[in-house]
Structures are given as structure tokens and as C-alpha cells.
Amino acid sequence: MSADRLFQIVSIAGFAALAGALAAHYFRIVRPSLATAPAAEGDPSIRRYGLLERVVLIGLGASLAVLAVTGFAPALLGRRLEGVLLMVHVPAGGAMAFFAAVAAALWAGDCRFAAHDGHWWRRCCCRQTVAAGRFDGPQKAAFWAVLALSLPVTLTMMLSMVPAFGPEGLETLHEFHRYGALLLTMVVLVHWHHAITVRRGSLHALVAGKVARAWAERYHSLWAAGRADR
Amino acid sequence: MVRACLSRRVASAFDRRSRSAAAACGFAERIAGAARLATAAAATVALALSLSASARGDAPVRTVSPDHSRTTPTHRIALYDEEGRQIRPELDEPVQPLSTRKTCGYCHDYGKIAAGWHFNAARANVPPGRPGQPWILADAATGTQLPVSARGWAGTWKPDAIGLTPWQMMSAFGRQWPGGGVGEDRAGQKSDPGSRWLLSGDLEVNCLACHNADSRQDQNCYAEQVARENYRWAAVAASGLAHVDGYVKGLPGNFDPVTMTQPDLPGWVPKVRYDLSRFNAKDEVFFNVPRKAPANRCYYCHTNYTLDAAAGDEWRRDEDVHLARGMTCADCHRNGLDHGVSRNYEGDPAAGAAGRTCRACHMGDDSARRVELRGGGHLAAPRPRHAGIPKLHLDKLSCTACHSGPVPRGQAYLVQTSRAHGLGYHAMAFDPNAVPLIAEPVFREGGDGKLAPHRMLWPAFWARLPQGTEGGSDYEHVAVTPLTPAQVIDATGWMYRFGEGRRPRPPDEAKVVNTLGILAAKGGGQPVYVTGGKMYRLDGGKLVACNNPAARPYAWPLGHDVRPTAQALGCGGAAGCVQCHATDSPFLFGQVPALSPASLGTPRAVRMIDFEGRSALFHKVFAFTFVFRPWLKVVGFAACGVLALVLLAFGMPALRWAAGRIGRRAAGGSDE
């Protein structure tokens with residue numbers, strides 16, 4: 001079996017499993033609790049993201065989306081990434097690396113794990129509300145996973161652009177790149193699932209930069225306690 | 001049994017070896033009333049000769065079994081003439097030229113060798129392989145450059161399709177003809193009433209042309225003998241073993257090849273004068289004939305000279321890197337006794353067996369059945385690193401795309417080849433403007449779907465359309481029947497005849513119009529002139545151009561000269577990438593002029609990418625992105641640095657915390 005074929009199978013299996021898991025989570029855990037979820041846009045009184053942060057988050061998300069589509073569309077169809085898709089993929093990769101680096105510098109401090117982050121699974125599994133700072137446990141885990149995976153995914157492509165490796169070496173780098181990208185994409189999808197379905201209003205917060213106090217106290221109670229209304 | 005044997009010998013005498021009988025027949029036909037008598041007499045003579053000959057058939061008299069010694073056998077051998085009689089130059093009268101069929105064929109299977117790649121073009125059951133260099137029927141005066149090949153490569157014309165007889169083939173291409181094939185095809189010769197085979201003799205496979213390592217081997221002399229129609233004498237004259245006088249071309253058609261006398265033209269009757277010092281006491285001669293043909297022997301027919309003023313004269317140029325490293329052509333282009341010389345392109349069955357493609361030697365062949373072939377490294381071939389070259393390039397480009405031929409520039413070069421332009425044939429002075437006009441390198445997809453450098457010829461020839469197409473509108477699909485230069489000259493009379501030493505001028509528009517008018521007046525299908533990628537015809541007295549498949553260029557892949565790694569396209573890191581990935585890259589956007597031997601305005605130029613079947617816009621944009629590659633690298637590596645620092649800065653304390661926690665738990669203490 002060729003490496004391309006193997007990757008195609010692994011990708012399809014991975015995305016299918018992830019889609020199943022997210023769907024199960026949504027219908028078993030998330031949907032029953034939607035009635036009590038506060039809206040972020042209801043009374044936007046607390047500033048959650050500054051302009052720079054929003055630009056970085058949107059840029060990172062958009063570049064990741066472009067990379068996922070251009071990278072996995074041909075892979076899932078058993079084709080090679082080339083032509084126009086490659087031409088879009090490469091600069092999107094540069095943008096992603098840039099935004100990831102800025103994101104790392106912006107939020108690494110806020111995403112340091114604290115003792116209360118260890119209880120995030122209670123909300124996930126037992127529908128309990130837990131205390132959280134500016135970012136909760138899943139967000140911090142996603143942040144560090146994105147950073148940890150962005151580094152090899154970016155570095156493998158950067159190294160392939162310098163004449164240091166032969167075709168076999170480049171193939172190895174490519175293997176690391178695409179399997180790393182597969183993991184990265186799955187992490188991002190989980191994160192987006194978390195942001196879009198679990199904590200409704202996150203997207204609004206991303207665009208508007210502000211959230212309602214009720215929303216902040218529900219999901220980020222420790223952070224909301226220290227924030228004055230604006 | 002004896003009778004059957006005798007019958008066969010008689011038949012053989014008539015069919016294969018009785019030149020005297022056939023000659024006498026021809027002579028007798030010209031002398032009314034004496035035919036039967038002459039034929040009978042000749043047959044009797046032939047029978048007598050047949051019975052007395054020592055070696056008759058094509059099968060070797062003495063079978064040589066390979067003993068697998070690496071020592072080259074010493075070829076101190078007797079010479080035999082066409083009749084299989086040993087040549088004794090001091091005793092024979094007249095002295096006969098050696099016959100390779102009989103001399104080399106005494107021990108080696110001539111029939112098997114004569115079916116080898118160099119000789120088997122006209123055989124019906126031979127796979128043509130990938131397109132190669134055709135014979136090119138070229139004539140500057142009539143503006144003709146017509147690719148001809150009996151192999152049936154798409155874009156070439158088979159000799160019989162354009163009325164070229166074996167005799168005419170030899171006249172046109174014999175100077176580099178290796179012998180064999182139609183040069184000794186009796187069936188084809190008999191059906192050619194205009195030929196003079198009975199006088200010229202056969203052009204047998206010239207074993208010495210390739211295998212004679214003696215520097216006295218003179219293929220220029222061979223070409224001269226062929227030009228004189230001294231086919232039977234060409235091999236011995238070229239070998240340096242004998243001097244041959246005579247000029248069959250000047251002998252009258254009723255010359256008697258049996259008696260070999262022509263009282264009124266004694267100087268034109270071929271005579272062989274052997275170098276007696278080369279014969280030992282047993283009338284044997286030593287030949288320095290190694291198993292592997294020396295490269296110098298190959299060069300007579302396989303020299304290519306790129307007309308690149310920047311590269312300078314021959315002494316300024318490098319040769320193929322393999323030869324520079326001490327290899328010879330035959331190290332890679334191998335063959336067994338069947339002389340099925342491997343051409344070494346990907347998919348060549350002969351190369352597959354020998355494992356001598358570029359890839360097989362330098363990179364190994366994972367699919368090879370023999371384990372030792374999987375790793376490559378034949379003849380100490382270095383394994384390339386191809387540092388920084390994505391595998392995509394190896395999948396989409398042939399090895400030759402980056403490594404072979406001249407480095408492409410803004411416009412394809414003119415190239416001359418020994419077979420097309422007579423390089424090495426001293427009777428043809430070097431002329432940079434000589435037809436045929438061949439361009440190189442032209443990058444286009446080969447039969448395996450990979451981009452490869454090609455040599456390209458835009459056909460130019462006069463032709464006729466089928467009867468009844470006059471005034472039709474479907475000129476773009478109609479089949480044409482080419483006319484040879486001789487047919488055009490015969491039809492037009494004075495227009496294309498030039499005095500001795502006068503250089504013909506290429507046909508201009510007026511001449512083309514006149515010629516088409518004259519050809520039309522002669523009747524037959526509508527005449528047209530194909531050149532520069534267009535088909536020209538007369539419409540109301542004016543020259544009108546249209547497209548036609550016959551006008552499409554014929555291209556064949558080039559394999560040599562292979563340049564060293566440092567001169568390969570793409571070598572040199574980032575600077576190497578933009579050799580091809582640039583908006584003005586010759587590899588993609590170099591111009592290939594539709595070269596025409598006629599003066600019909602400025603030849604139109606076609607971009608390489610138009611032959612490659614790729615989108616010019618896409619490649620322009622893609623090449624443009626390479627402008628930003630350095631920036632991308634800066635951003636990418638800087639981002640990696642930041643990410644690494646952040647991960648280290650926050651990861652190390654996390655690790656320290658995790659390790660401490662694990663330690664405390666292991667010690668039975670509290671996490672707090």
C-alpha cells in the first residue's frame with residue numbers, strides 16, 4: 001500500500017471517528033443543557049478580546065480552515081496536492097505559522113494550567129459548572145495542542161524548503177507534516193465544536209470582542225469576577 | 001537426399017548468391033535473342049560455384065560458444081569473400097572484397113546479428129520503441145526536410161509511403177547506414193527496377209564500423225564508397241585493410257559484374273588492393289575488435305553539435321559526464337549476440353533486462369527481481385542526494401529534463417547531427433544553416449508522461465492532396481502524400497537545378513507559388529507545401545496557409561550529453577528553483593521557432609509550455625510566488641522559533657511540576 005493510500009484511509013477513518021464522537025457528545029451532553037445556556041450577545045458588557053487578539057484568532061482560524069480544505073480535499077480523494085490548491089496552501093501555511101506564533105506570545109500566560117482546570121471534565125461529562133479563568137481547561141488544552149502541533153507541521157515544511165534533504169528525506173518530512181496536520185485539524189475541529197456548540201456565544205465574542213456578564217460568570221467565573229463592566 | 005540438397009543449392013545459387021546469373025540476365029535482357037542462352041550458362045556457372053564454395057549458408061561454419069572469459073578473443077582470422085572463398089590477395093585475380101557476412105559470420109551468427117536494433121527497422125515484427133531520431137530526407141533547394149523511418153514512429157513517414165525504394169534509401173542515407181536491413185534485402189531489391197544492386201553489391205552489416213578499435217577504421221571512407229555506389233567494397237575500404245579504387249556510379253548499366261571489366265572505363269571498375277603487410281603466412285589478418293564498441297565508433301553516427309555561440313567551439317565544450325569519467329557508450333547501451341542494443345529509456349525492455357536506465361544505475365529499481373539491481377550503483381554510479389528537490393519532480397520529470405542536453409536559454413538552439421547533416425563526412429563542409437533545421441532542447445511530455453528534453457523538426461515538404469479536395473474546406477484533416485525532392489525537381493524542371501558549387505537559395509513565396517502552379521498544371525491531386533507548422537496551398541493564385549496534422553513537428557527525446565550535477569537544472573538550492581520556476585524561465589517559456597527551410601516570413605515561435613500541455617497562466621502565477629519564497633522562509637522559521645521558545649518556557653515548568661507530583665505520589669505524600 002502506498003503512503004498516499006494509507007494516509008487517505010487514516011484520514012477518512014480519523015475524521016469519521018471524530019465526527020461520530022462529536023455528534024454523540026452533542027446529542028448526549030450538549031443538547032439537553034442548551035435551554036439553560038446564557039447568550040454571550042445578550043448584554044455585552046465585558047470586553048473579552050482586544051482588536052489584536054480578534055485579528056489573530058480570526059486569522060489563525062481562517063488560515064487553518066484554508067489549510068485543512070486545500071490539504072485534505074485532495075488527500076481524501078486520493079489525489080496529490082498540486083496546482084492551484086498547492087498555490088493557495090503554501091501562503092496559507094505561512095499565515096498560519098505567523099498567527100500561531102503571535103497567538104503563542106499573546107495567550108501562553110493566560111493558558112497556563114491551574115488546579116481548577118483539572119475539573120473541566122466534570123462539565124464535559126457530568127454537566128456540572130466548574131470554575132474557570134479567562135480560558136477553561138479544554139481551551140487551554142486546545143491551545144497547547146495547537147501550538148505543539150503547529151511547530152512540527154510548520155518546521156517540516158520550512159526544512160523542506162532548504163536544500164538539506166533528498167527526496168526520501170523530504171518524503172519523511174512530508175509524512176510528519178501531513179499526519180501532524182491531521183492531528184492538528186482534529187484538535188481544531190474539537191475546539192471549534194466546543195466553541196460553537198458547547199459554549200454558544202463564543203463566536204459572537206470573537207467577532208464583537210465583548211460578552212455578557214451572565215455568560216462570563218457561567219463559563220469563566222474566576223475571570224469574570226475580576227473584570228469590571230465596560 | 002542428395003538431390004534435395006542439390007536442388008536447394010541450385011535455388012540458393014539463383015536466389016541469394018548468383019550475382020553472375022542475375023547480372024547476366026539483366027545483360028541478356030538488353031541483348032535480344034541471347035537471354036535464354038545466357039541465363040542457362042550463368043546458372044551453370046552459379047551451380048559450379050555453389051558446389052565448390054566452402055561456406056554457403058548464413059549459419060556460422062564454426063559455432064563459437066561463449067567461454068565466459070573476460071579476455072577479448074584475439075581475432076586473427078581468414079577473410080572470406082561473398083562466395084565464402086578465403087581471400088588470398090597474392091593469388092586471387094581479381095581480388096575480392098571481404099564479406100562480413102562470410103568473414104564474421106564464419107564464427108558468429110550473422111542472421112541473428114542482422115536482426116539487431118541497428119538493422120531491423122524495416123522488419124514487421126519489431127516493436128518500434130519510443131520515438132527516436134529518424135532519417136531526414138533533406139534538400140535545401142526544394143525546401144524539404146522530411147522525417148523518414150520504417151519503424152512507423154508517429155510523425156515520420158515510412159519509406160514506401162513516399163515512394164522511397166531501398167536503393168533510394170541507400171543513396172540518401174547510406175553514408176551512415178550500418179549495413180544490413182534494406183541494404184541487403186534481396187526481395188526488396190528485386191522489386192526495384194531503377195536500382196543498380198547487381199553492380200553495387202549488397203551493403204552487408206558492417207561489423208567493423210562499430211567493433212573495429214583500430215584507429216585506421218575510416219567511416220568517412222565508408223561514406224565515400226557508398227556515395228560511389230561501391231557498396232560491396234565499402235566495408236573493406238573503411239577498415240584500412242585495403243585500398244579500393246573504382247566508381248560503380250559511373251559504370252554503365254550493362255556493366256558485367258562477373259568479368260569485372262569495362263574496357264572503355266577501366267579506372268571506374270572497383271579494384272581492391274589489400275595491405276599485404278597485414279596478412280600472415282596463412283593469409284590471416286589480425287583485427288582489433290573488442291566486444292564493446294569504442295565510443296569513437298559510435299560518434300560517427302551519433303554526434304550532435306549544438307549551435308551555441310556562447311558555448312564556443314568544440315574544444316571549449318565538455319563531453320558527456322559518463323565519458324569524462326572513463327565510461328564508453330557500450331557500458332550502458334548493451335547488447336547480447338542479438339545486438340538488441342538497449343536504448344535505456346524507462347520502459348525499454350532491453351534496458352529493463354540489463355538494468356541500465358538512469359534510475360536503475362543511480363537510484364536503484366525497487367521492482368527489480370534481482371536483489372542486486374534494487375540498490376543501483378552499477379559501474380559505481382553515485383546515488384544522487386537531490387537535496388531540496390521534492391519527489392514530485394522525480395515523478396513528473398525524466399532524469400534528462402534536468403541533466404541532459406544543453407542548458408535551455410530564451411530560444412531553442414539549432415542542432416546538427418551526424419546522421420542529418422553528415423558531421424564527420426568530409427565531403428560535406430560544415431554549414432551552420434544547412435537543412436534540416438532541428439531545434440533543441442524542447443521540453444515536452446514523452447511517451448511515459450514525463451517532461452523530457454527533445455529535439456524537434458518541423459517537417460517541410462511538397463505534397464499532393466487526394467483527388468477531389470480542391471475547393472474543399474476540410475484542409476485541416478485531409479491526408480497528404482509527400483513528394484520527394486527528386487519528384488519536385490523532375491516536375492519543375494529548371495527551377496530547382498543548380499550548377500556545381502552554387503548554394504541553393506531557400507524557396508521564397510514567389511517560388512512556392514510558382515512551384516505549386518507548375519505541380520497543379522501537371523495534374524494529380526492539389527499540390528501543397530508543408531512547412532513551419534502550416535500547410536500552404538494556392539487559392540485564387542494566392543498562397544493560403546492552414547493547419548494540417550502533417551505539419552505538426554516531430555520530436556524525439558534526447559539523452560546526451562549528460563551534464564554533471566553542478567550543471568543540472570535546479571542545482572544550487574533556492575537559486576536553482578528559479579531556473580525553472582520563474583516568469584521568464586526558458587524551461588517553461590523558452591521559444592521554439594517553427595524552423596522552415598523556406599523563406600515565408602518570420603517563423604512563428606511556440607513557447608515550450610505550449611508543447612507541455614500546461615497552463616501558462618498558472619505557471620506564471622506559480623513562478624511569481626517564488627518571489628515571496630524568501631519571505632515565507634523568514635516568517636516560517638521565525639514562527640517556529642517563537643513557538644519553540646514558548647513551548648520550552650511553559651513546558652519545562654509544567655514538566656517540573658508533573659515530575660514533582662509523580663515523585664511525591666511515589667513517596668506516598670500528598671499532592672498539596
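Note that the structure is a prediction, hence the values are computed from the model and not measured.

Rules and cut-offs
- Residue positions are counted from 1 within each chain, in the order its sequence is given.
- Labels are handed out in written order, letters beginning with A for the chains and numbers beginning with 1 for the ligands.
- The predicted origin of the model limits local features to residues at a pLDDT of at least 70 and limits the giving and counting of side-chain atom pairs to 80 or more, whereas totals for whole chains, interfaces and linings rest on all residues.
- Excluding hydrogens and water, the side-chain figures rest on all heavy atoms present in the structure.
- Put simply, DSSP H or I for four residues or longer makes a helix, DSSP E for two residues or longer makes a strand, and each gets a number counted from the N terminus.
- Atoms considered for the radius of gyration are the C-alpha atoms alone. The globule rule reads 2.2 Å times the number of residues to the power 0.38.
- Buried residues are those whose accessible area, probed at 1.4 Å on protein chains only, stays under 20% of the maximum for their type, while exposed residues exceed 50% and partly exposed ones sit between those limits.
- In this analysis an axis means a line fitted to C-alpha atoms, helices contributing only their contacting stretch, and an angle means the value between N-to-C directions, from 0 to 180 degrees.
- Any angle from 65 to 115 degrees is called roughly perpendicular, while one under 35 is roughly parallel, one over 145 is roughly antiparallel, and all others are oblique.
- By definition, any crossing whose near helix is turned counterclockwise from its far helix by less than a right angle is left-handed, and any crossing with a clockwise turn is right-handed.
- Contacts are assigned to residue pairs with any non-hydrogen atoms lying within 4.5 Å of each other.
- Each residue gets one of three labels, nonpolar for Ala, Val, Leu, Ile, Met, Phe, Trp, Tyr, Cys and Pro, charged for Asp, Glu, Lys and Arg, and polar for the others, Gly among them.
- Any residue with relative accessible area above 30% and no salt bridge may belong to a patch, with like charges joined within 9 Å and the nonpolar Val, Leu, Ile, Met, Phe, Trp and Tyr side chains within 5 Å.
- The method behind every accessible area is Shrake-Rupley, applied with a 1.4 Å probe, and residues are considered shielded solely by the protein chains displayed.
- Throughout this description, the term salt bridge denotes a Lys or Arg side-chain nitrogen within 4 Å of a carboxyl oxygen of Asp or Glu.
- In this tally, Lys and Arg are treated as positive and Asp and Glu as negative; His is ignored, and so are the chain termini.
- All charge positions are set by atom: Lys at NZ, Arg at CZ, Asp at CG, Glu at CD.
- Here the rule is simple: two strands pair whenever DSSP picks up at least two bridges between them.
- Here the buried area means the combined drop in accessible surface, using a 1.4 Å probe, for two parts upon being joined, counting both sides.
- By the criterion applied in these results, polar contacts are pairs of N or O atoms within 3.5 Å in which, for protein atoms, one can donate a hydrogen and the other can accept it, and in which residues neighboring in sequence qualify only through two side-chain atoms.
- Note: the arc covers the axis-to-C-beta directions of the helix.
- Helix span is expected to be 1.5 Å times the residue number reduced by one.
- Here the bend at a residue means the angle between the axes of two seven-residue stretches, the one that ends at it and the one that starts at it.
- In summary, the pairing rule links any two rings of Phe, Tyr or Trp, Trp by its six-membered ring, whose centres are within 6.5 Å, and it sorts them by plane angle into stacked for under 30 degrees, edge-to-face for over 60 and tilted for everything else.

A. Region of interest: the overall build of chain A. Scanning chain A for helices and strands turns up nine helices and two strands. Going residue by residue from the N terminus, the α and β elements of chain A occur as α-β-α-α-α-α-α-α-β-α-α. Its C-alpha atoms give chain A a radius of gyration of 19 Å, within 12% of the compact-globule value 17 Å for 230 residues. Considered along the principal axes of its C-alpha atoms, chain A spans approximately 55 × 35 × 30 Å. Looking at chain A as a whole, 45% of its 230 residues are labelled buried.

B. Structural context of the packing of helix α3 (residues 83-107) of chain A against helix α5 (residues 137-160) of chain A. Residue and element names in this part refer to chain A. Interaxial distance between α3 and α5 falls to 10 Å at its minimum, and their mutual angle equals 140°. As judged from the angle between their axes, α3 and α5 are oblique. Both α3 and α5 take part in a crossing whose hand is left-handed. Listed contacts from α5 to Met96, Ala97, Ala100, Ala103, Ala104 and Trp107 of α3 are Phe143, Leu147, Ser150 and Thr154. Considered class by class, the residues forming the contact of α3 with α5 number eight nonpolar, two polar and no charged.

C. Representation of a negative patch on the surface within the structure. On the surface, B:Asp313, B:Glu314, B:Asp318, B:Glu319 and B:Asp561 cluster together to form a negatively charged patch. For B:Glu314, the location among the structural elements is in the loop between β7 (304-307) and α13 (321-324).

D. Molecular detail of the pairing of strand β9 (residues 438-445) of chain B. Residue and element names in this part refer to chain B. Counting buried positions along β9 gives six out of eight residues, so the element sits mostly inside the fold. Sheet analysis places strand β8 (residues 413-417) next to β9, joined by three bridges and oriented antiparallel. Within β9, the residue paired with Leu414 across the bridge is Ala439.

E. Seen up close, the sheet that holds strand β11 (residues 461-464) of chain B. All names here are of chain B. Spatially, β12-β11-β13-β14-β15 is the arrangement adopted by the five strands of the open sheet, whose pairing is antiparallel. Looking at the sheet topology across the chains shown, the edges are occupied by β12 (481-483) and β15 (542-546). The average angle at which neighbouring strand axes cross in this sheet is 35°, direction not considered. Across three bridges, strand β13 (residues 527-531) lies against strand β14 (residues 534-539) in antiparallel orientation. Note that in β14 the partner of Tyr529 across the bridge is Tyr536. Each of β11, β12, β13, β14 and β15 touches helix α22 (residues 509-521); the most contacted strand, β13, lies at about 145° to it.

F. Examining the interface of chain A and chain B more closely. Listed per partner, the contact involves 36 residues of chain A and 31 residues of chain B. Between chain A and chain B the total buried area reaches about 2,800 Å² when both faces are included, carbon and sulfur atoms providing 80% of it. At the junction of chain A with chain B, the criterion picks out three salt bridges. Between B:Asp395 and A:Arg80 there is a salt bridge whose closest N-O contact spans 3.4 Å. In this assembly, chain A and chain B are joined by five residue pairs in polar contact (both at pLDDT 80 or more). The set of elements that each furnish at least two residues to the side of chain A that touches chain B consists of α3, α5 and α6 (167-198) of chain A. A total of 12 residues in the side of chain A that touches chain B trace back to one element, the largest contributor, which is α3(A).

G. Broad picture of helix α26 (residues 616-625) of chain B. Residues and elements named next belong to chain B. Listed as buried for α26 are Ala616, Phe618, His619, Phe622 and Ala623. In a view along the axis of α26, the buried residues occupy a sector of 155°, so they form one face of it. The N-cap of α26, judged by a side-chain oxygen 3.4 Å from the amide nitrogen of Leu617 a few residues on, is Ser615.

H. Spotlight on helix α27 (residues 629-666) of chain B. All names here are of chain B. Compared with an ideal rise of 1.5 Å per residue, which puts 38 residues at 56 Å, α27 spans 52 Å between its outermost C-alpha atoms and is within 8% of the ideal. At Gly651, α27 shows its maximal bend, which comes to roughly 25°, and the proline Pro653 appears one to four places after that position. Restricting attention to buried positions, one finds in α27 the residues Arg629, Leu632, Lys633, Gly636, Ala639, Cys640, Leu643 and Val646. Positive phi shows up at Gly668, right after α27, with a value of about 85°.

I. Highlighting the packing of aromatic side chains. The tally for this structure, following the rule as stated, stands at 26 aromatic pairs over all chains. Between B:Trp135 and B:Phe173 the ring centres are 5.2 Å apart and the planes differ by 25°, which places this aromatic pair in the stacked class. With B:Trp135 in strand β2 (residues 135-139) and B:Phe173 in helix α6 (residues 166-173), the pair connects residues that are 38 residues apart, well separated along the chain. B:Phe173 sits in the buried class, given a relative accessible area of 4%. Residues B:Trp167 and B:Tyr231 carry aromatic rings whose centres are separated by 5.4 Å and whose planes lie at 45° to one another, so their mutual orientation is tilted. Pair noted here: B:Trp167 is in helix α6 and B:Tyr231 is in helix α11 (residues 231-239), with a separation of 64 residues, a long-range link. Since its relative accessible area comes to 7%, B:Trp167 is described here as buried. Each member of the aromatic cluster is reached from another via a ring pair, and the members are A:Phe7, A:Phe15, A:Phe72 and A:Tyr179.

J. Examining the side chain of B:Asp320 more closely. Residue and element names in this part refer to chain B. Along the chain, Asp320 falls in the loop between β7 and α13. There is no salt bridge for the buried Asp320, and the closest opposite charge comes from Arg455, which lies 9.3 Å off by N-O distance. There is a polar contact of 2.8 Å between the side chain of Asp320 and the backbone nitrogen of His322. Sequence-distant contacts of Asp320, defined by excluding residues within four places in its chain, comprise His560, Asp561 and Val562.

K. Looking closely at unusual backbone geometry. All names here are of chain B. Put simply, Glu93 and Pro94 share a cis peptide bond, and its omega is -5°. The topology assignment puts Pro94 in the loop between β1 (75-78) and α4 (100-103). Residue Pro436 is reached from Val435 by a cis peptide bond, and omega for that bond is 0°. Here Pro436 is to be found in the loop between α20 (418-421) and β9. Phi angles above zero are rare outside glycine, and Glu229 is one such case at about 65°.

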